[in-house]
Amino acid sequence: MTYLIQGRTNDWEVVIGLEVHAQIISDAKLFSGAATSFGAEPNSQVSLVDAGMPGMLPVINEFCIQQAVRTGLGLDAKINLHSVFERKNYFYPDLPQGYQISQYLHPIVGEGMVRLDMPDGTREIGVERLHMEQDAGKSIHDQDPNRTFIDLNRSGVALMEIVSKPDLRSPEEAGAYLRKLRAIVQYLGTCDGNMEQGSLRCDANVSVRPSGSDELRTRAEIKNINSVRFVMQAIEYEAERQVDVYETGGSVVQETRLYDPDRGETRSMRSKEDAHDYRYFPDPDLLPIDLTPDFVEEIKKNLPELPDAKKVRFISEYGVTESDAGILVAEQETAKYFEEVALGRDAKLAANWVIHELFGVLNKVGKGISDSPIVADKLGNLVDLISNNVISSRIAKDVFEEMVAKGKDPGVIVEEKGLKQITDAGEIEIAVNNVIADNADQVKKFREGNQKLVGWFVGQVMKKTQGKANPQMVNELLLEKLKG
Amino acid sequence: MSELTELTIAEARDGLVNRKFSSVELTDVHIRAVEAARDLNAFVTETLDLAIERAKASDDRRAKGKPAGGMDGIPIAVKDLFCTEGVLTTASSHILDGFIPPYESTVSQNLRDAGSVMLGKTNMDEFAMGSANVTSFYGAVKNPWYVNDGKDRVPGGSSGGSAAAVAANISLGAAGSDTGGSIRQPASFCGVVGMKPTYGRCSRWGMVAFASSLDQAGPLTRTVRDAAIMLQAMAGHDSKDSTSSTEPVPNFEASITGEIKGLKIGIPSEYRIDGMSSEIEGLWSQGVEMLKDAGAEPLEVSLPHTKYALPTYYIVAPAEASSNLARYDGVRYGLRVDAETLDEMYETTRGEGFGQEVRRRIMMGAYVLSAGYYDAYYVKAQKLRTLILKDFSDAFKKVDAILTPTTPFAAFAIGEKMDDPVQMYINDVFTVPSSLAGLPAITVPAGLSNEGLPLGLHLITKPFGEETLFCVADVLENLVSFHTKPAYLSKDAR
Amino acid sequence: MALDEATVRKIAKLARIKVPENEVPTLAEELSKIIEWIEQLNEVDTENVTPMTSMAEMVMPKRADKVTDGNYPDRVLSNAPNPEGPFYTVPKVIE
Ligand SMILES: [Mg+2]
Ligand SMILES: [Zn+2]
């Protein structure tokens, strides 16, 4: 489905490219031995190097190189054996050196691809490049009326900047791309993907053009958006703003904009006059990175199974539907949880319980699967109870609720509450006989042709048995008796 | 002053070993020399109490039979470019007002570990940008050499305070740094030995950066042997500097054998620059003859890109400097000029904090890196650098070392050559090419100008060939037999 | 002149250096002179020359991913002008 903005004169297409900054998972910073953990005391995780003290020099963290290569391989991208760190020069108080060490002309990772499953089919989104760079510190503006405070804890933390091609065509695609990218880096263990803590941040380049045209018009860059939802909202707003500008005879200017989620709008951040001139040049304090093919091969050998491959396997191995498989692999934790539940059990039933029941609860309480009130093992036991006809699906839902509330084992709940399914034909027959005897009018109506009443009878029998009777047996016996 | 201030490092070392005097005695006379020579303005910061403390510690170590290293107890000076823990470090700039590093540079730490005693931090051109030591926020340094014309001479730069301190017998040796000639040119102007090792030999960690791809620490001393002893203490691999070499550090002093028979010495014709004075010309030929007499074989070599070295340098060095000096922004240390807005704070702090030459070079650097000019200037210069390096590699296929003059003229009067920056840049015409190629080079005092001011001869060799340099330079030093002392040392006569 | 006054103002701004308006013409002249002198490099054909990228002919040394530094806010803040608690401060930045 093409996303089009209906203008007064014609329809408009939106062209989006995303630049994602992903914090590399590492213990120490990219060029110093200071720690990287989130939430430390201000300026405590700062070395002399990170504070840009005179005469301080960078020495690269080898693990960060591995992480960048691993990510590149996860994006099916070309790994550049030769890459170069350059200095990006600009002044900002949270940039202590007065330059950011980044990669420019020679990034460590070249072109790659991210595959999206959209409702109308698969979309392949090109990755332009991935490069390594240092993060800046944090400016705090709300602590003092006249001053901005600077915390350099994040200064020098390793980032990967992953730049997509302008291949995205709708806010939904942008959202899907971001979620997919997050899944990939999480699977790879190269970034925790936590957008709230800023370990994944997104800049969106947005432009519009008349539908059917293939020109690339002036784009606006919306900086530092910190949730998937906001990325989608920001793009939607910005695209409409630009259409409006064009349709009222104006022109879009190349600028940096900020998304304000409270107002749901983007606004200009910097005027054109102070356009940047970053004066990139190779950092003379560092040497080029020259990797060996063996180094790359070794990382390749140890890549985990990634979402696309896992999805294919879930379909073939567990027989789940394509859309269920997509949902199950979207996050590594979910996939892992599902496999624990499904292992040696009815996988479709397992998928059903994870996707519909568990997700329902998680959404309601706003938790992720890693904080699920029910561990995989116990949900598996519940699936067993259903498969083995110990309880009905109907009862299972009650048991599930009890599990959520109390965290108890389903077997124990069934035992304590006596919820075991009645499969004893004699016991069910007594209940059926009683219901028929007590409802002569209804029996009469049924026998006169109101076949729909069978459902009502089943309900009565289930009521009598507190829902424990095996529904299939009830059904069969009732029909037999009612038909007399 | 005392005889003790006239010693070489080697002699002082022997005296300390043989208990002829203690480090406290040796340091004490040097402290008095520092105090007596304040009119030279060689120091930004004197650390005299610290010196006595370290001298005492040295004597204690020696008493216990555990001297620290090759320079235990030897008083030296350290250029104010090296960050010294707990001691004001300014790079002679206003912008580093009050900066007390909470760390010690690797080179000054190495010197401490070798047992040396720091007398103070020497004056220099601001951020090492200059060839006359006139750009210092702390004022010009006077060259201890003067002729009786009433004009003070510059000591050269940027390690001008270091060169003056060694020449005036204030300090037995001094640590300097050389980016385009900043050790060798002042050493030549002050009649002392100055040595710039191979790029990567000494760690740059904790050394205030000027141009990262060129900056190298090295010693200024009164003899070649002393330079070998001092470099031994300064050099070595440092894992904190990605450009620090892992090449093993040989015993430099052992390379001084007096034997240069059969060594091939290159004489680059391109160094005969236009308008070179006959005194420089004469000195150079004399050097060639001397080495020939000692058994070396002089050979003409060609370094065709020599004339492009200076303009190349004046692209690369300012470009790197413009970026290296961006950290002086008034936020974390040094000078801050308060202002209403952030940009105003930046601009006034940097406008007032940097002197004229530094401002000029930062702007030059920003310009050559800016959009649209990067390829025409910066990339072009880096290509020239490749060619200059290739010139040298080709020459070193034929010769072991190259002999050139150190400077195109002797020390000039303070205030001269100030109005045209390019004229000032010519000072480094003979030292810059080897800097661009990262090669080791040394200057030895070799004679006097017609006016009676010292002139140096300059030897260059291939990467990590410092041993060859020390050996040849020592032979040259002995043959030249330069024993004239600066007039300052007999200043009662002035 | 190789470098006009507008360019001087532009690079002064880029370099965050206040240049008083009355110094702009002199600076333009000085910098132009240097630039013109530098342009003698154009005499050299560098068509097929690789620009020098690093001085040291070695493989870039790398550090292990170990926390070995930091945890000394007092040291990094010891020279700070106008600090506030554990923070550096600057005049208020309006984003
Ligand atoms: Mg970017
Ligand atoms: Zn970036």
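As the structure is a computational prediction, the values presented were derived from the model and not from experiment.

Criteria and cut-off values
Residues numbered from 1 in each chain as written. Chains lettered and ligands numbered in written order. Predicted model: local features only at pLDDT ≥ 70, side-chain atom pairs only at ≥ 80, totals over all residues. Heavy atoms only, no water. Helix = DSSP H or I, 4+ residues; strand = E, 2+ residues; numbered from the N terminus. Buried < 20%, exposed > 50% of the residue type's maximum accessible area, 1.4 Å probe, protein only. Lys, Arg positive; Asp, Glu negative; His and termini not counted. Salt bridge = Lys/Arg side-chain N within 4 Å of Asp/Glu carboxyl O. Polar contact = N/O pair within 3.5 Å; in protein donor to acceptor, adjacent residues only side chain to side chain. Contact = heavy atoms within 4.5 Å. pLDDT = per-residue confidence, 0-100. Donors = N, O, S within 2.8 Å, 3.2 Å for Na, K, Ca; no water. Buried area = accessible area lost by both parts, 1.4 Å probe. Nonpolar A, V, L, I, M, F, W, Y, C, P; charged D, E, K, R; others polar. Pairing = 2+ DSSP bridges.

Novice: Mind showing me how you'd approach the side chain of glutamate 161 of chain A here?
Specialist: All names here are of chain A. Structurally, the position occupied by glutamate 161 is in strand β11 (residues 158-164). Although glutamate 161 is buried, it makes no salt bridge; lysine 88 carries the closest opposite charge, 5.8 Å away. Here the side chain of glutamate 161 touches histidine 21 through a polar contact of 3.0 Å, side chain to side chain. Ignoring anything within four residues of it in the chain, the contact list for glutamate 161 reads Glu19, Val20, His21, Arg129, Leu130, His131 and Glu133.

Novice: Teacher, can you tell me more about the confidence of the model for chain C here?
Specialist: Detailed conclusions should not be drawn from predicted coordinates in areas where pLDDT is low. Residues and elements named next belong to chain C. Across chain C, the average pLDDT comes to 94, with 99% of residues at 70 or higher. Element-level mean pLDDT values for chain C span from 95 in helix α2 (residues 24-38) up to 98 in strand β1 (residues 62-63). Scored by ipTM, the complex comes to 0.97, with pTM at 0.93.

Novice: What's the story with the environment of phenylalanine 314 of chain A in this structure? I'm lost.
Specialist: As for its placement among the helices and strands, phenylalanine 314 of chain A is situated in helix α5 (residues 307-318). The residues contacting phenylalanine 314 of chain A, other than those within four sequence positions of it, are Gly319, Val320, Ala325, Leu328, Val329, Ala335, Phe338 and Glu339 of chain A.

Novice: How should the coordination of the zinc ion (ligand 2) be read in this particular structure?
Specialist: Angles at a metal have ideal values that depend on geometry: 109.5 degrees with four tetrahedral donors, 90 or 180 degrees with six octahedral donors. Residue and element names in this part refer to chain A. At this site the zinc ion (ligand 2) is bound by His21 (NE2), Glu133 (OE) and Glu161 (OE), with donor distances of 2.0 to 2.1 Å. Between the zinc ion (ligand 2) and the magnesium ion (ligand 1), both coordinated by glutamate 161, there is a metal-metal distance of 4.1 Å. Of this pair, glutamate 133 sits in strand β8 (residues 121-134) while glutamate 161 is found in strand β11, placing the two residues 28 residues apart along the sequence. For the pair shown, glutamate 133 and glutamate 161 are each scored as buried.

Novice: For this particular structure, what's the right way to read the interface of chain A and chain C?
Specialist: Put simply, an interface is often sized by how much accessible area is lost when its parts join up. The partner chain C presents 36 residues to the 44 residues of chain A that form the contact. Note on chain A versus chain C: buried area summed over both sides is about 3700 Å², and carbon and sulfur give 62% of it. Applying the counting criterion to the chain A and chain C interface returns one salt bridge. Across the contact surface, chain A and chain C share 21 residue pairs in polar contact (both at pLDDT 80 or more). Elements represented by at least two residues in the side of chain A that touches chain C include exactly β3 (60-61), α1 (62-74) and β10 (147-151) of chain A. Sorting elements by how many residues they give to the side of chain A that touches chain C places β10 of chain A first, with five residues. Among the residues forming the side of chain A that touches chain C, the class breakdown is 26 nonpolar, 10 polar and eight charged. Bridge analysis of β3 of chain A against β1 of chain C gives two bridges, and the strand direction is parallel. Paired with isoleucine 60 of chain A across the strands is lysine 62 of chain C, a residue of β1 of chain C.

Novice: Could you clarify how one ought to interpret the interface of chain B and chain C in this entry?
Specialist: Taken residue by residue, the interface counts 66 residues in chain B and 49 residues in chain C. For the pair chain B and chain C, the summed buried area comes to about 5000 Å², and 68% of that belongs to carbon and sulfur atoms. Applying the counting rule to chain B against chain C returns six salt bridges. For aspartate 343 of chain B, the salt bridge identified is with arginine 16 of chain C, shortest N-O distance 3.0 Å. Applying the counting criterion to the chain B and chain C interface returns 19 residue pairs in polar contact (both at pLDDT 80 or more). When residues of the side of chain B that touches chain C are assigned to their parent elements, the largest contribution, 11 residues, is made by helix α12 (residues 375-395) of chain B. Taken together, the residues that form the side of chain B that touches chain C break down as 33 nonpolar, 19 polar and 14 charged.

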